[in-house]
Amino acid sequence: MEIRKTGYIPWQGTLRESGWRGWPIFKHGVATVFQRKKAKLLFAFASLPFLIFAVAVYASLRPELRMMTRMVKELGSDLAIFHSFYTNNFLLFTLVILALFSGGDAVALDRKHNAFPLLFARPLSRFDYLTGKLSYILFYLLLFSLVPGILLLTIKVVFSGSLSLSPRLVLAALTYPLAPALLFGSLTLGFSAVTKNEHVAKVSIFGFYVASDILSNIVLPGRIFTRSNLGFLSLQQNLKRFGNLLFGFGDETAGKGIIAILIILFWSGLALWITYRRVGKEG
Amino acid sequence: MTTIIETEGLSKWYGPVLGVTDLRILVEPGITGLLGPNGAGKSTFLKLVAGQLKPSAGRVSVFGENPWTTPELFRKIGYCPEAQGLYADLTARESLLFLLRLHGYREGEVESRTLEALEAVGLVDRADRRVETYSFGMRQRLKIALALAHDPDLLLFDEPLNGVDPLWRIRLTALFESLASRGKTLLVSSHILPEVEAMTRQILLIHQGKVFAQGEIPAIRELIDTHPHRVSLRVDRPREMAKLLLESSSLEGVHFHPKQEGLLHLTVTNREKFYAFLLEVVVRNGFNVEEMVSTDDNLQSVFDYLVEGKR
């Protein structure tokens with residue numbers, strides 16, 4: 001008997017709600033990035049700050065090496081060591097490179113391959129897609145910032161033989177890495193979403209980071225802006241100011257640190273909003 | 001009969017360009033052929049049903065839900081878009097595994113469904129080759145596999161047989177028919193009429209963004225009263241037959257085939273009345289009718305009659 005006469009028996013169940021639907025995108029992204037050529041080389045390069053600061057933490061705990069730490073201002077205290085680890089130019093530069101390496105093509109490739117109709121013909125919302133993509137970029141950024149930070153804290157506890165860590169140090173060491181990860185992760189997605197060419201996206205991300213720094217360094221004495229205010233134009237300076245606020249360093253006021261984090265949140269929010277608008281259904 | 005897709009005043013504009021306008025459509029289980037010339041609005045309609053486009057006006061409901069706002073609905077919908085959309089650097093197996101994982105299946109089920117889908121479209125032996133090495137037809141088959149891998153209740157195919165070789169066209173047509181016989185609903189768009197005619201008699205004809213006709217091909221043909229029906233008749237005594245048939249008020253004209261002896265081409269206004277009259281003539285006069293064909297009772301003719309002058 002043909003179906004038209006048989007009649008269709010509609011499905012009566014409830015729609016199954018699984019957990020976070022961006023999980024497969026996260027897993028796929030992590031695996032894909034790890035399998036890329038030069039990934040291991042880059043990861044080794046990105047581990048250098050950790051290795052150097054692991055030695056510094058160890059040296060700060062050994063009486064026979066104290067002389068060395070007294071010579072280097074950045075090794076003067078635990079807060080100074082961690083502040084220096086998180087806000088040094090090399091680590092921030094490495095995080096930018098990691099961001100564009102892991103996520104420069106995150107959305108650009110989907111746009112290039114016109115994959116949205118196939119992706120969004122699944123139980124997947126734009127939010128799931130966006131968080132899935134962002135999560136694997138964050139994974140790699142935090143793997144080389146937050147995870148080394150935790151390892152440095154562990155090294156300190158192990159070699160000092162004491163669990164007594166300053167609450168401020170723990171809080172700052174666990175909180176600060178989220179700022180560069182969020183900023184670079186969201187900017188990467190934003191640039192990746194506005195082009196179908198992954199190379200253009202990568203160059204744009206790097207160019208934006210460098211250009212913001214160059215712009216902030218243009219000194220115009222006696223004009224409208226002071227050098228200090230121009231620092232807010234720089235992504236790097238904003239991250240450092242936020243680091244100064246958290247670790248209690250620098251001669252700047254807390255207000256500048258708060259403005260810096262607001263600027264970081266603004267850039268991140270703008271980039272994520274652009275990404276959200278550019279991906280998914282045709283509208 | 002359960003309605004699977006229902007639209008009410010459904011319209012979509014791309015800026016000033018019309019996609020579809022004021023579509024009132026009901027789609028029931030089985031295969032429905034979505035027909036129309038290129039640019040008629042078939043893909044737009046399918047995208048609206050597949051939740052890929054937001055309607056400019058009106059509403060579309062699939063299984064009673066709005067596909068634009070209900071991602072969960074895609075557990076029950078399989079969509080095969082016209083655009084390629086495949087990751088060239090993945091293999092067919094990887095593509096299927098990745099997209100099936102988005103449905104939330106467990107890993108074992110993902111793998112078994114992947115294998116089933118690859119088998120259905122004959123790509124098992126090439127499953128581990130990168131998609132970039134595939135021919136256009138193989139990519140089409142992979143897209144079909146991606147649409148049906150999660151065993152959806154509604155399948156939306158946009159030009160699925162484009163670029164597919166003749167052998168696989170037949171196999172895929174059989175696959176669509178078997179899916180329909182299992183209670184699935186299939187909406188298959190094409191501008192190649194024999195393709196659609198081979199799989200269904202149920203059509204939805206869209207032209208210039210509007211619904212021109214919906215239903216079974218013969219029923220639609222019956223409604224087209226602006227064009228008389230054409231019937232070919234092969235008999236043993238054609239001239240005598242022609243003379244007798246001209247007495248019927250339903251017959252508009254008779255032509256003798258110039259080369260084939262015994263073949264008459266008839267133009268009929270009311271087919272039912274004419275067939276009754278013909279039967280009477282044949283029985284009363286003992287004609288030997290060798291062949292009788294309704295030459296314009298097919299999809300091509302219906303399509304031509306409906307869109308002629310409106311191209």
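Shown above is the structure to which this text applies.
Residues numbered from 1 in each chain as written. Chains lettered and ligands numbered in written order. Predicted model: local features only at pLDDT ≥ 70, side-chain atom pairs only at ≥ 80, totals over all residues. Heavy atoms only, no water.

1. Brief notes about the packing of helix α2 (residues 92-101) of chain B against helix α4 (residues 136-148) of chain B
Residues and elements named next belong to chain B. It is the contact of α2 with α4, at a shortest axis distance of 10 Å, that shows an interaxial angle of 25°. Relative to α4, α2 is oriented roughly parallel. As α2 packs across α4, the resulting crossing turns out to be right-handed. Mapping the contact onto sequence places A92, S95, L96 and L99 in α2 and L142, A145 and L146 in α4. Each residue belonging to the contact of α2 with α4 can be placed in one class, and the counts come to 6 nonpolar, 1 polar and no charged. (Axes fitted to C-alpha atoms, helices over the stretch in contact; angles between N-to-C directions. Helix = DSSP H or I, 4+ residues; strand = E, 2+ residues; numbered from the N terminus. Parallel < 35°, antiparallel > 145°, perpendicular 65-115°, else oblique. Left-handed = near helix turned anticlockwise from the far one by under 90°. Contact = heavy atoms within 4.5 Å. Nonpolar A, V, L, I, M, F, W, Y, C, P; charged D, E, K, R; others polar.)

2. Re the pattern of salt bridges
Residue and element names in this part refer to chain B. Counted by the stated rule, this structure contains 23 salt bridges over all chains. For D153, the salt bridge is made with K184, and the minimal N-O distance between the two is 3.7 Å. Here the residue D153 occupies a position in the loop between α4 and β6 (154-158), and K184 occupies one in the loop between α5 (166-181) and β7 (185-190), the gap between them amounting to 31 residues. For K184, a relative accessible area of 6% corresponds to the buried category. Through salt bridges with shared partners, a single ionic network connects D151, D153, R182 and K184. (Salt bridge = Lys/Arg side-chain N within 4 Å of Asp/Glu carboxyl O. Buried < 20%, exposed > 50% of the residue type's maximum accessible area, 1.4 Å probe, protein only.)

3. Some points on the nonpolar core
In terms of nonpolar packing, the biggest core is built from 110 residues, with A:L119 and B:F176 touching the most fellow members. In this structure, A:L119 is in contact with A:D110, A:L124, A:Y129, B:Y87, B:F98, B:L99 and B:L102, ignoring residues within four places of it in sequence. With 28 residues, the next largest nonpolar core counts B:V20, B:L34, B:F74 and B:L204 among its residues. (Core = buried A, V, L, I, M, F, W, Y, C linked by side-chain atoms within 4.5 Å.)

4. Side note on the packing of aromatic side chains
Residue and element names in this part refer to chain A. Counted by the stated rule, this structure contains 26 aromatic pairs over all chains. Judged by centre distance (5.6 Å) and plane angle (45°), the rings of Y86 and Y176 are tilted. Within this pair, whereas Y86 is found in helix α6 (residues 78-87), its partner Y176 is found in the loop between α12 (167-175) and α13 (178-193), the two being separated by 90 residues in sequence. Accessibility classification places Y86 together with Y176 in one group, the buried group. (Phe/Tyr/Trp six-rings, centres within 6.5 Å; stacked < 30°, edge-to-face > 60°.)

5. Some remarks on the interface of chain B and chain A
Interfaces are often sized by the amount of accessible area the parts lose when they come together. With 46 residues of chain B at the contact, the number on the chain A side is 31 residues. Summed over both sides, the interface of chain B with chain A buries roughly 3800 Å², with 59% coming from carbon and sulfur. Ranking the residues of chain B by area buried against chain A places B:Q52, B:R75 and B:L102 at the top, with a combined share of 17%. Summed over the shared surface of chain B and chain A, the result is 1 salt bridge. A:R21 is the salt-bridge partner of B:E72, the closest N and O atoms lying 3.1 Å from each other. On the surface where chain B and chain A come into contact, there are 7 residue pairs in polar contact (both at pLDDT 80 or more). The set of elements that each furnish at least two residues to the side of chain B that touches chain A consists of β5 (77-80) and α2 of chain B. Counting residues per element, the side of chain B that touches chain A draws most heavily on α2(B), at 3 residues. Class assignment for the residues of the side of chain B that touches chain A results in 24 nonpolar, 11 polar and 11 charged. (Buried area = accessible area lost by both parts, 1.4 Å probe. Polar contact = N/O pair within 3.5 Å; in protein donor to acceptor, adjacent residues only side chain to side chain.)

6. Quick look at helix α3 (residues 39-46) of chain A
Residues spaced three or four apart along an α-helix point in a common direction, a consequence of the helix completing one turn every 3.6 residues. Where α3(A) is concerned, the buried positions are A:A39, A:L42, A:F43 and A:A46. For α3(A), the arc enclosing every buried residue in end-on projection is 100°, short of the 170-degree limit, so these residues lie on one face. (Arc of directions from axis to C-beta.)

7. Re the sheet that holds strand β11 (residues 251-256) of chain B
All names here are of chain B. With respect to topology, 4 strands assemble into an open sheet ordered β11-β12-β10-β13, the strand pairing being antiparallel. Where the open sheet ends on each side, the last strands, each with one partner, are β11 and β13 (289-294). Across the sheet, the mean angle separating the axes of adjacent strands is 20° when strand polarity is ignored. Where β11 and strand β12 (residues 263-268) come together, 5 bridges link them in antiparallel fashion. Across the sheet, H255 pairs through a bridge with H265, a residue of β12. Contacts from helix α8 (residues 238-245) reach β10 (229-235), β11 and β12 within the one sheet, and its direction differs from that of β11 by about 165°. Docked against the sheet, helix α9 (residues 271-285) engages β10, β11, β12 and β13, running at close to 180° with respect to β13. (Pairing = 2+ DSSP bridges.)

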